[in-house]
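# Per-entry structural report
Each chain, letter by letter, is given below.
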Amino acid sequence: EAQVTQNPRYLITVTGKKLTVTCSQNMNHEYMSWYRQDPGLGLRQIYYSMNVEVTDKGDVPEGYKVSRKEKRNFPLILESPSPNQTSLYFCASKYSRDHNEQFFGPGTRLTVL
Amino acid sequence: GENVEQHPSTLSVQEGDSAVIKCTYSDSASNYFPWYKQELGKRPQLIIDIRSNVGEKKDQRIAVTLNKTAKHFSLHITETQPEDSAVYFCAASRDQKVTFGTGTKLQVIP
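So, a few notes on the structure that sits alongside this text. Quick caveat: nothing in here was measured; it's all calculated off a predicted structure. (Residues numbered from 1 in each chain as written. Chains lettered and ligands numbered in written order. Predicted model: local features only at pLDDT ≥ 70, side-chain atom pairs only at ≥ 80, totals over all residues. Heavy atoms only, no water.)

## Structural notes on the state of the cysteines
Residue and element names in this part refer to chain A. According to the stated counting rule, one finds two disulfides over all chains in the structure shown. Disulfide pairing places Cys23 opposite Cys91 at an S-S distance of 1.9 Å. Between Cys23 and Cys91, the S-S torsion sits near -70°, and that sign places the bridge as left-handed. Taken as a pair, Cys23 in strand β3 (residues 19-25) and Cys91 in strand β9 (residues 87-94) lie far apart in primary sequence, 68 residues in all. (Disulfide = S-S within 2.5 Å. Helix = DSSP H or I, 4+ residues; strand = E, 2+ residues; numbered from the N terminus.)

## Comments concerning the pairing of strand β11 (residues 108-112) of chain A
All names here are of chain A. Here β11 shows a buried face lined by Thr108, Leu110 and Val112 and an unburied face lined by Arg109 and Thr111. Note: strand β2 (residues 10-13) against β11, four bridges, orientation parallel. Paired with Ile12 across the two strands is Thr111, which belongs to β11. Pairing of β9 with β11, which is carried by three bridges, proceeds in the antiparallel orientation. Paired with Leu88 across the strands is Arg109, a residue of β11. (Buried < 20%, exposed > 50% of the residue type's maximum accessible area, 1.4 Å probe, protein only. Pairing = 2+ DSSP bridges.)

## Structural notes on the sheet that holds strand β1 (residues 4-7) of chain A
Residues and elements named next belong to chain A. Across the sheet, four strands lie side by side as β1-β3-β8-β7; this open sheet has antiparallel pairing. At either margin of the open sheet sits one strand with a lone partner, and together these are β1 and β7 (65-66). Of the pairings in the sheet, the one linking β1 to β3 comprises four bridges and is antiparallel in character. When the sheet's bridge partners are listed, Asn7 is paired in β3 with Thr22.

## Concerning the interface of chain B and chain A
Across the boundary between the two partners, chain B contributes 18 residues, which contact 24 residues of chain A. Interface area for chain B against chain A, summed over the two sides, is near 1800 Å², with a carbon-plus-sulfur share of 47%. Summed over the three residues of chain B that lose the most area to chain A, namely Arg43, Gln96 and Phe100 of chain B, the buried surface amounts to 36% of that side. Our enumeration of links across chain B and chain A arrives at six residue pairs in polar contact (both at pLDDT 80 or more). Take the side of chain B that touches chain A: its biggest share by element is four residues, from strand β10 (residues 97-100) of chain B. Its residues placed into classes, the side of chain B that touches chain A shows seven nonpolar, five polar and six charged. (Contact = heavy atoms within 4.5 Å. Buried area = accessible area lost by both parts, 1.4 Å probe. Polar contact = N/O pair within 3.5 Å; in protein donor to acceptor, adjacent residues only side chain to side chain. Nonpolar A, V, L, I, M, F, W, Y, C, P; charged D, E, K, R; others polar.)

## Structural notes on the sheet that holds strand β8 (residues 72-77) of chain B
In a beta sheet, neighbouring strands are held together by backbone hydrogen bonds and run either parallel or antiparallel to one another. Residue and element names in this part refer to chain B. As summarised here, the arrangement of the five strands in space is β1-β3-β8-β7-β6, forming an open sheet in which the pairing is antiparallel. With partners counted over all chains shown, the strands left at the sheet margins are β1 (4-7) and β6 (56-59), one partner each. The sheet shows a mean angle of 15° between the axes of neighbouring strands, taken without regard to direction. Relative to β8, strand β3 (residues 19-25) runs antiparallel, the two being bridged by six bridges. (Axes fitted to C-alpha atoms, helices over the stretch in contact; angles between N-to-C directions.)

## Looking at the layout of surface pockets
Within this model, the largest pocket holds a volume of roughly 770 Å³. Secondary-structure elements contributing two or more residues to the lining of the largest pocket are β4 (31-38), β9 and β11 of chain A together with β9 (86-94) and β11 (104-109) of chain B. When the residues that make up the lining of the largest pocket are grouped by side-chain class, the tally is 11 nonpolar, 16 polar and seven charged. (1 Å grid on protein atoms, 1.4 Å probe; cavity = no way out; pocket = protein on both sides within 12 Å on 5 of 7 lines; lining within 4 Å. Points joined across faces, edges and corners; volume = space filled by probe spheres on them.)

## Let's talk about a nonpolar patch on the surface
Together, Ile12, Val14 and Leu113 of chain A line one region of the surface with nonpolar side chains, adding up to about 320 Å² of accessible area. Along the chain, Leu113 of chain A falls in the segment after β11. (Patch = residues over 30% accessible without salt bridge, like charges linked within 9 Å, V, L, I, M, F, W, Y side chains within 5 Å. Areas by Shrake-Rupley, 256 points an atom, 1.4 Å probe, with all protein chains shown as cover. Salt bridge = Lys/Arg side-chain N within 4 Å of Asp/Glu carboxyl O.)

## So, the environment of Ser87 of chain A
Residue and element names in this part refer to chain A. Assignment of secondary structure puts Ser87 in strand β9. Along the primary structure Ser87 and Gln25 are separated by 62 residues, whereas in three dimensions their C-alpha atoms are 22 Å apart. Excluding anything up to four places from it in sequence, Ser87 contacts Arg36, Gln37, Asp38, Thr108, Arg109 and Leu110. Within polar-contact distance, the side chain of Ser87 engages the backbone oxygen of Gln37 at 3.0 Å.

## Details of the nonpolar core
Within the largest apolar cluster, 23 residues are counted, with the highest numbers of intra-cluster contacts made by Trp35, Phe73, Leu75 and Leu106 of chain B. Breaking this core down by element, the ones donating at least two residues are β2 (10-14), β3, β4 (32-38), β5 (45-51), β7 (62-67), β8, β9 and β11 of chain B. Setting aside its immediate chain neighbours within four residues, Phe73 of chain B contacts Ile21, Lys22, Cys23, Tyr25, Phe33, Trp35, Thr65, Leu66, Cys90 and Ala91 of chain B. Formed by 19 residues, the second largest nonpolar core is a distinct cluster that contains Trp34, Ile46, Tyr64 and Leu78 of chain A. (Core = buried A, V, L, I, M, F, W, Y, C linked by side-chain atoms within 4.5 Å.)

Below, the structure is given as structure tokens:
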């Protein structure tokens, strides 16, 4: 089944404890992206990647890192999480830059205490 | 950077009526405008989109219009049904960067 998966789906952690949220897609998509969703703010793009070893900042990259060592994986890294990073995170992918539809993962709800 | 404003934030309509959601954007270089539907507890799903070289696009009960000069685009849902109840997001995109509006919660009253 073609899909985007994220792990974990739920995470409660404490300030300063490094964490990684994984994202994987099995559709051979070139483009992958991370968003955070907060009430009243909609979805905001954190980072995106147009292919292996190619990443770029979205609108809210501060406090986050990403890597794209393999085509299928695009992990989101929080080196020192803070309470203002408590949010619902979505990973998304699409076939290439010239294709329109992004497919979203199921979301990861992160709480930083 | 791009700024997308979306109105209204909430919208209630009677079943069978039409619903219209409007968005404005600031970056004239944005060239792709998708609309997403997000049901409660679910992931966003693309329902319709339009590129900047097209003024209108329709898919059954859903249509999107784009006015590049005024930098605004709208979602039109006709003959609304209870299953249309959800949060709808507009977005504007250029060079693979995507900026979303803040969402419209649509409630269709049976």
